[in-house]
Structure formats: structure tokens, C-alpha cells
Amino acid sequence: MCFYTAYAYCYHGQTLLASDKCGEAIRSLQEAEKLYAKAEALCREYGETKGPGPTVKPSGHLFFRKLGSLVKNTLEKCQRENGFM
């Protein structure tokens, strides 16, 4: 849930950035960053459990790793553009 909610906040932030609402976009992306960090922690915890956890590494999948860089890069872009205004 944390992962998909982070994705939603990230894409909402990108939409707000396209609408020149940098302040709102930054807030949305900060929330995405928090949720992504929580999802990473949950993935690590899941990987340490007994059973199928050690063989399944959700945090190692491309779609998971891609979100982290997407959130970070978009947030940095928002902060730069907000600084220009």
C-alpha cells in the first residue's frame, strides 16, 4: 500500500508541477518520499522473515528502484523551479 500510495503522490506532484503549482507539488513529493522510505523499510523487514521472504526481494525490482529516483529527481526539479519564482 505504501509503495502504490507513493507512486500516486509522485504522479500527482508531477501533474501539479506541470500546472506551475510548485509549492503544492513539493508537498506532494515530500509525502511520496516519506511513503517510499516506509515501503523500503517494510521490504527489508519482509526479506528478513522466515519462509519465502528471503528469496523474494521486492525492493530489488526495477519498478521499485525506479520510483525512488523518480521521486528524488522530480522533487529536486520542483525545488529548483520554486527557487526561480
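Residues numbered from 1 in each chain as written. Predicted model: local features only at pLDDT ≥ 70, side-chain atom pairs only at ≥ 80, totals over all residues. Heavy atoms only, no water.

Visitor: Before we go on, may I ask you to explain unusual backbone geometry in this structure?
Guide: The phi dihedral of Asp20 is positive, around 60°, even though this residue is not glycine. Since its relative accessible area comes to 54%, Asp20 is described here as exposed. (Buried < 20%, exposed > 50% of the residue type's maximum accessible area, 1.4 Å probe, protein only.)

Visitor: Is there a simple way to explain the UniProt feature "coiled-coil region" (unreviewed entry) in the protein chain in this structure?
Guide: Per the UniProt record, "coiled-coil region" (unreviewed entry) is found at residues 22–49. Secondary structure content for residues 22–49 is 93% helix and 0% strand, and the end C-alpha separation is 41 Å. (UniProt positions renumbered as here; feature names shortened; annotations may be inferred. Helix = DSSP H or I, 4+ residues; strand = E, 2+ residues; numbered from the N terminus.)

Visitor: Which parts of the structure should I look at to understand the state of the cysteines?
Guide: Simply put, the disulfide is a covalent bond whose two ends are the sulfur atoms of two cysteines. The full count for this structure, using the stated rule, is zero disulfides. The thiol of Cys22 is not disulfide-bonded; the next cysteine sulfur, from Cys78, is found 5.7 Å away. In this model Cys43 remains outside any disulfide bridge; the closest cysteine sulfur is found in Cys2, 9.4 Å from its own. On the basis of relative accessible area, Cys43 is assigned to the buried category, the value being 12%. (Disulfide = S-S within 2.5 Å.)

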